[in-house]
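Architecture at a glance
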Amino acid sequence: MVQQGRQACEPTRGRSRSPPRSRAAGLIDAVSAYPGFHSVWAQDTAFPMTERDRLGLRGLLPPRVMSFEQQYERFINSYRSLENNTRGEPDSIVALAKWRILNRLHDRNETLYYRVLIDNIKDFAPIIYTPTVGLVCENYSGLFRRPRGMYFSAKDKGEMMSMIYNWPAEKVDMIVVTDGSRILGLGDLGVQGIGIPIGKLDVYVAAAGINPQKVLPIMLDVGTNNEKLLEDKLYLGLRQPRLEGEEYLAVVDEFMEAVHARWPKAVVQFEDFQMKWAFETLQRYRNRFCMFNDDVQGTAGVALAGLLGAVRAQGRPLQDFTNQKIVVAGAGSAGIGVLNMAKQAMLRMPGIHRTGEGHNQFWVLDKDGLITKDREGLDSAVARFARGHGPDEIPDLHEGASLVEVVKKVKPHVLLGLSGVGGIFNEEVLKAMKESDSPRPAVFAMSNPTTKAECTPDDVFKHVGENAIFASGSPFGNISLGNGKTGYANQANNMYLFPGIGLGALLSGARHISDGMLQAAAECLASYITDNEIRKGILFPSVSSIRHITAQVGAAVVRAAVSEDLAEGCCDVGPRELASMSELETVDYVARKMWYPVYSPLVSDK
Ligand SMILES: NC(=O)C1=CN([C@@H]2O[C@H](COP(=O)(O)OP(=O)(O)OC[C@H]3O[C@@H](n4cnc5c(N)ncnc54)[C@H](O)[C@@H]3O)[C@@H](O)[C@H]2O)C=CC1
Ligand SMILES: CC(=O)C(=O)O
Ligand SMILES: [Mg+2]
């Protein structure tokens, strides 16, 4: 019997990942056959003597057997020394050094890596996720040492159905796939975008307790339009312009069919696709496969939770959401996703049926300014939110009006940025927000990574005032406002939701991921924060509680799937058992399903 980690579901026994059952010269063969193998089963100096004998490792390790705790402490000490030794160096150098040390740990001992990550998620999320993951993607070809995940390229057309069986693990539960076309706010990074699925799946392991042997990061390399990368001698991707139209869709179709054929129950998360493909693929696959688009749907839920928090912070009842004036800078996949979900939420509020679909509390800007009905060639997804003219339109703003003009005239309750452009909430814009009609003006600078944030918390508390509420996509530190007061720098990132959406979808065995499941996830996050925290300006819980939050969100998603009759169950728990669970029992069930990293005997006598 082979084990690693602790999880209620049976651990994966992959083909080449299966550890040897007797004296294992085979261990070495397997290590060379697949580079990920070693780190999955490795315990390094913690291998007990009995296992060293059985695995043929006696003499290949120093004689002293260390405990897991000692290895853990040794790593944390090295990490802290690195922090001390790099103090004063440029941020990017320090961040990459930290990423390297963590990545090396991952490559040699996955169990220790994930334990360190889970226990220190607040410290390490900014390294394995935003903002450092952005820097890693920008430099990926140069940083490359060993592969993680799978790569399907335009040249693999017709081969994907057999290629998918090259992945050595027998079972895969969670897949994050990108085509690298819009990596954070950094644009087209081609094959180098693989860093994003890797980072998102590390968050899945840490937050949702998905067994790392059952996750699969995937890059669909359909070329790149990034000239700098095409000219870079080290660039690891296809050197050709991006496929477009039917040629592009044929690649994604073939990939989705291949995944579904091998792992019909796997949840597929689409990540960082440029807007046109984000929406097109979502519509194309969402009723056929268990998939979702994190940028469109995960972000929307997190933003909605923040918007509802901003209403509560004003001391207003939630129904007052329908009267909130919201200015959104960015009409891309994330911005439009947020607007759609916020609009749906408004339409569900009591009283709104009077005005219905025509009710428009949003002012949306893109790179050409305010979007009005005068704009030519508007995409239908955006047109829904275009402002009109006439006596009902107060204030009357012209097509293409600038952000500062819009903020000055609208006096919004919330200013939300998903533009991918750093610094556009400048001093003039923030000073205009001071005149907001809200007693707690809210500014959400949600673009990533940090360099692309529309503003910083310092700017907000300085120019908008101490009553302001701030949230950003990448982490910032809180601000001391003097007199013992704190300006809270909330992190409004889809990491609060996607792990719970994925885990809930998986455990419910849902055929697809419905709007109701996504809405349940958002409402669960929104209700997580207490009134007392909200009054202080805290809209989102600490990242340190992410595993707890994810259990709650996951359970909310399971229950929604059950109530919509979409759940088919998972492992040995069927839909009837899921339906019979109370709310608390569902949370408990979801939490018990989470994998937790501990060493287990690799070889037992059975
Ligand atoms: N905090 C979070 O959880 C998330 C943050 N994001 C961030 O949101 C940003 C945008 O992502 P997508 O919508 O997918 O990109 P996108 O490329 O689809 O859309 C960007 C939009 O911003 C507009 N824009 C550009 N310059 C502008 C300006 N000066 N003023 C107003 N609008 C401007 C563009 O015209 C476009 O409509 C990225 O930085 C991404 O990292 C995305 C998903 C989740
Ligand atoms: C957080 C995220 O998904 C993004 O910035 O694209
Ligand atoms: Mg994303």
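Just so you know, these numbers come straight off a predicted model, no measurement behind them.

Right, let's get into the site of ligand 2. If you check the shell around ligand 2, you find Tyr129, Arg182, Leu184, Lys200, Glu271, Asp272, Asp294, Asp295, Asn448, Asn493 and Asn494 and nothing else. One nitrogen or oxygen atom from the side chain of glutamate 271 is found 2.9 Å from an oxygen atom belonging to ligand 2. Aspartate 295 is positioned with one of its side-chain polar atoms (N or O) 3.0 Å from an oxygen atom of ligand 2. Here the residues of the shell around ligand 2 sort into two nonpolar, three polar and six charged.

On to the UniProt feature "binding site: a divalent metal cation" (unreviewed entry) in the protein chain. In the UniProt entry, the feature "binding site: a divalent metal cation" (unreviewed entry) is given for Glu271, Asp272 and Asp295. Their sequence span is 25 residues, while the largest C-alpha to C-alpha distance among them is just 6.7 Å; these annotated residues converge on one region. With a relative accessible area of 2%, aspartate 272 lands in the buried category. Along the chain, aspartate 295 falls in helix α15 (residues 294-313). We classify aspartate 295 as buried; its relative accessible area is 5%. Apart from the residues within four sequence positions on either side, aspartate 295 is in contact with Arg182, Phe270, Glu271, Asp272, Phe273, Ser333, Ala334 and Asn494.

Next up on the list: the confidence of the model for the protein chain. Per-residue pLDDT for the protein chain averages 92, and the proportion of residues at 70 or more is 92%. If you check the scores for this complex, the pTM reads 0.94 and the ipTM reads 0.99.

Moving on: the site of ligand 1. Taken together, 27 residues surround ligand 1, and among them Arg182, Ala331, Ser333, Ala334 and Asn494 come closest. One of the backbone N or O atoms of alanine 331 is found 3.0 Å from an oxygen atom in ligand 1. One of the backbone nitrogen or oxygen atoms of asparagine 448 is found 3.2 Å away from an oxygen atom of ligand 1. Burial of ligand 1 by the protein chains amounts to 84% of its free accessible area of 870 Å². When residues of the shell around ligand 1 are traced back to their parent elements, those giving at least two are α15, α16 (333-348) and β7 (362-366). Here the shell around ligand 1 is composed, by residue class, of 11 nonpolar, 12 polar and four charged.

The next thing to look at is the coordination of the magnesium ion (ligand 3). Glu271 (OE), Asp272 (OD) and Asp295 (OD) make up the full set of protein donors to the magnesium ion (ligand 3), lying at 2.0 to 2.1 Å. Along the chain, the residues that donate to the magnesium ion (ligand 3) are spaced as E-D-x22-D. Note that aspartate 272 is positioned in the loop between β4 (267-270) and α14 (275-285) and aspartate 295 in helix α15, a separation of 23 residues in sequence. Both residues of the pair, aspartate 272 and aspartate 295, belong to the buried class.

Right, let's get into the environment of glutamate 254. Here glutamate 254 shows up in helix α13 (residues 245-262). Classification of glutamate 254 by relative accessible area gives buried; the value is 15%. Remark: the alpha-carbon pair of glutamate 254 and glutamate 159, spanning 95 residues in sequence, is separated by 8.9 Å. With residues near it in sequence (within four places) discarded, glutamate 254 still touches Asp156, Lys157, Gly158, Glu159, Met160 and Met161.

Once that is clear, we can look at a positive patch on the surface. Residues Arg74, Arg100, Arg104, Arg108 and Arg145 make up a contiguous surface patch of positive charge. At three residues, the largest contribution of residues to the positive patch is made by helix α5 (residues 91-108). Mapped onto the fold, arginine 145 is located in the loop between α9 (140-143) and β1 (150-153). Exposure remark for arginine 145: the relative accessible area of 65% places this residue in the exposed category.

Here we take up the environment of aspartate 374. Among the secondary structure elements, aspartate 374 is positioned in the loop between β8 (369-370) and α17 (380-383). You can call aspartate 374 partly exposed: its relative accessible area is 46%. With 26 residues separating them along the chain, aspartate 374 and glycine 400 place their C-alpha atoms 9.3 Å apart. Not counting residues within four places of it along the chain, the set of residues in contact with aspartate 374 comprises His389 and Glu399.

Reading across the sheet, the seven strands line up as β8-β7-β6-β9-β10-β11-β14 and stay open at both edges, with mixed pairing between neighbours. The outermost strands of the open sheet, each flanked by one partner alone, are β8 and β14 (489-491). Inspection of the sheet shows β7 paired to β8 by two bridges, in the antiparallel sense. Its bridge partner lying in β8, leucine 365 is registered against leucine 370. Helix α18 (residues 403-410) contacts β6 (326-329), β7, β8 and β9 (414-417) of the sheet and is inclined by roughly 170° relative to β7.

Rules used in this analysis
- Residues numbered from 1 in each chain as written.
- Chains lettered and ligands numbered in written order.
- Predicted model: local features only at pLDDT ≥ 70, side-chain atom pairs only at ≥ 80, totals over all residues.
- Heavy atoms only, no water.
- Near = heavy atom within 4 Å.
- Polar contact = N/O pair within 3.5 Å; in protein donor to acceptor, adjacent residues only side chain to side chain.
- Nonpolar A, V, L, I, M, F, W, Y, C, P; charged D, E, K, R; others polar.
- UniProt positions renumbered as here; feature names shortened; annotations may be inferred.
- Buried < 20%, exposed > 50% of the residue type's maximum accessible area, 1.4 Å probe, protein only.
- Helix = DSSP H or I, 4+ residues; strand = E, 2+ residues; numbered from the N terminus.
- Contact = heavy atoms within 4.5 Å.
- pLDDT = per-residue confidence, 0-100.
- Areas by Shrake-Rupley, 256 points an atom, 1.4 Å probe, with all protein chains shown as cover.
- Donors = N, O, S within 2.8 Å, 3.2 Å for Na, K, Ca; no water.
- Patch = residues over 30% accessible without salt bridge, like charges linked within 9 Å, V, L, I, M, F, W, Y side chains within 5 Å.
- Salt bridge = Lys/Arg side-chain N within 4 Å of Asp/Glu carboxyl O.
- Lys, Arg positive; Asp, Glu negative; His and termini not counted.
- Charge placed at Lys NZ, Arg CZ, Asp CG, Glu CD.
- Pairing = 2+ DSSP bridges.
- Axes fitted to C-alpha atoms, helices over the stretch in contact; angles between N-to-C directions.

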